[in-house]
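As a plain string of letters, each chain reads:
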Amino acid sequence: MPAPTLSLIMPVLDEASTIAATLDFLQPLIQRGVEVIVVDGGSHDDTAALAAPLCTRVVDAPRGRARQMNRGAAAAGGDVLLFLHADTRLPEDADRLIDAALAGRQCWGRFDVCLEGTTRLLPVIAIAMNLRSRLTGIATGDQALFMTREAFDAVGGFPDQPLMEDIEMSRRLKRLYAPACLRQKVASSGRRWEQQGAWATILLMWRLRFRYWRGESPKSLARAYRHVR
């Protein structure tokens, strides 16, 4: 069998309540030849067992999104890598959209995002995220980062840090080429904003990013962020 063109890598931790539904949605991609690798960071529930029959394979890794995503990339056979959070849904034709986006000189990109939930501010937050990303060339993990294997290797993979790994990855990839900013949307859970309060979460994230821009250690920032994976 030829190696798959696209490998989807999903870091997970204690996602037993949602992992089956998440992977069910990816079955059409698997049927079209997309490799789906679930990287478990030491779940204490049945996440790995529930994922195993619904993906290409499950691999284990030390806890931490960066480490899990790097482990998944090491196990992947695709020429293009797509990193997807467990609470994010792709457009149905995501594989074709990525192929088209990387057909030219661009070597990485991301999708626009919409946030699902009942908080009225979520659509505004999503618009701001997409606009900021388009203006700065910096993407977040919620936007489903994708890149060629060559670009991933050229920047050394995700930095081994507990927070802002997506921001740092974007910075490194920008040095290679500007991102493909796809207007098609991924749907991501707004639970972070709903559980902690929309304005409180917005202010927290801006403070953390400012401190990171000022050069503060990601380990120090992680202590202020209660949802580090």
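Quick note: structure is the one above.
Scope of this entry: the structure provided in the associated data block. A quick note: this is a predicted structure, and the numbers were derived from the prediction, not measured. (Residues numbered from 1 in each chain as written. Predicted model: local features only at pLDDT ≥ 70, side-chain atom pairs only at ≥ 80, totals over all residues. Heavy atoms only, no water.)

### A closer look at the overall build of the protein
When helices and strands are tallied, the protein shows 11 helices and eight strands. Within the protein, buried positions represent 52% of all 229 residues. Of the contacts made within the protein by residues no fewer than 6 positions apart, 73% connect residues no fewer than 24 positions apart. (Helix = DSSP H or I, 4+ residues; strand = E, 2+ residues; numbered from the N terminus. Buried < 20%, exposed > 50% of the residue type's maximum accessible area, 1.4 Å probe, protein only. Contact = heavy atoms within 4.5 Å.)

### Let's talk about the packing of aromatic side chains
Each pair of aromatic rings is reported with the distance of its centres and the angle of its planes. Tallied over the entire structure, the rule returns four aromatic pairs. Between Phe111 and Phe146, the aromatic rings sit 5.7 Å apart at their centres with planes inclined by 65°, giving edge-to-face as the arrangement. Taken together, the residues Phe111 in strand S6 (residues 108-116) and Phe146 in strand S7 (residues 146-148) connect sequence positions 35 residues apart. Like Phe111, the residue Phe146 is buried in the burial classification. The lysine or arginine in question, Arg89, covers the ring of Phe25, its NZ or CZ lying 5.8 Å from the ring centre. (Phe/Tyr/Trp six-rings, centres within 6.5 Å; stacked < 30°, edge-to-face > 60°. Lys NZ or Arg CZ within 6 Å of the ring centre and 35° of its normal.)

### Structural notes on the sheet that holds strand S8 (residues 180-189)
Two strands in a sheet stick together by hydrogen bonds in their backbones, pointing the same way (parallel) or opposite ways (antiparallel). Within the open sheet, the eight strands sit side by side as S3-S2-S1-S4-S7-S6-S8-S5. Their pairing is mixed. Only two strands of the sheet have a single neighbouring strand rather than two, namely strand S3 (57-60) and strand S5 (88-89). As paired strands, strand S1 (residues 6-12) and strand S4 (residues 80-83) are joined by four bridges and run parallel to one another. Looking across to S4, one finds that Leu6 is bridged to Val80. Strand contacts of helix H6 (residues 122-136): S6 and S8, with the helix running at about 165° to S6, the strand carrying the most contacts. (Pairing = 2+ DSSP bridges. Axes fitted to C-alpha atoms, helices over the stretch in contact; angles between N-to-C directions.)

### A word on the nonpolar core
Core analysis: the biggest nonpolar cluster contains 36 residues, and Leu8, Met10, Leu23, Leu26, Leu90 and Phe111 have the highest contact counts within it. Contributing elements (two or more residues each) for this core: S1, helix H1 (19-25), strand S2 (35-40), S4, helix H5 (94-101), S6, H6 and S8. Setting aside chain neighbours within four positions, we find Leu23 in contact with Met10, Val36, Val38, Ala51, Leu54 and Cys55. With 23 residues, the next largest nonpolar core counts Ile37, Ala61, Ala66 and Leu81 among its residues. (Core = buried A, V, L, I, M, F, W, Y, C linked by side-chain atoms within 4.5 Å.)

### Brief notes about the pattern of salt bridges
Any two side chains of opposite charge can pair if their charged atoms end up close together. In total, this model carries eight salt bridges according to the counting rule given. The closest approach of N and O atoms between Arg57 and Glu35, which form a salt bridge, is 4.0 Å. Here Arg57, found in strand S3, pairs with Glu35, found in strand S2; they are 22 residues apart in sequence, far enough to count as distant. Assessed through its relative accessible area of 36%, Arg57 is described here as partly exposed. Three or more residues joined by partner-sharing salt bridges are found here, namely Arg110, Asp112 and Arg134. (Salt bridge = Lys/Arg side-chain N within 4 Å of Asp/Glu carboxyl O.)

### Points about the pairing of S1
The buried fraction of S1 amounts to seven of the seven residues, a majority that puts the element mostly inside the structure. The alternating pattern of S1 places Leu6, Leu8, Met10 and Val12 on one face and Ser7, Ile9 and Pro11 on the opposite face, and all of these are buried.

### A word on helix H8 (residues 165-174)
An α-helical turn contains 3.6 residues, so a residue and the one three or four places further along point in the same direction. Most of H8 sits out of view: seven of its 10 residues are buried. Buried residues of H8: Glu165, Asp166, Ile167, Glu168, Met169, Ser170 and Leu173, and no others.

### Brief notes about H6
Between its terminal C-alpha atoms H6 stretches 21 Å, which fits the 21 Å expected from 15 residues at 1.5 Å a residue. Buried within H6 we find Leu122, Ile125, Ala126, Met129, Asn130 and Ser133. Here the buried residues of H6 occupy an arc of 130° about the axis, which is enough to place them on one side. Relative to its buried face, H6 has exposed residues pointing more than 90 degrees away, namely Ile127 and Leu135. (Expected span 1.5 Å × (residues − 1). Arc of directions from axis to C-beta.)

### Quick notes on the environment of Asp95
Examined against the element boundaries, Asp95 turns out to sit in helix H5. With 89 residues separating them along the chain, Asp95 and Leu6 place their C-alpha atoms 7.3 Å apart. Beyond its immediate chain neighbours, meaning those up to four positions away, Asp95 contacts Leu6, Leu29, Arg32 and Val34. Looking at Asp95, its side chain comes within polar contact range of the side chain of Arg32, at 2.9 Å. (Polar contact = N/O pair within 3.5 Å; in protein donor to acceptor, adjacent residues only side chain to side chain.)

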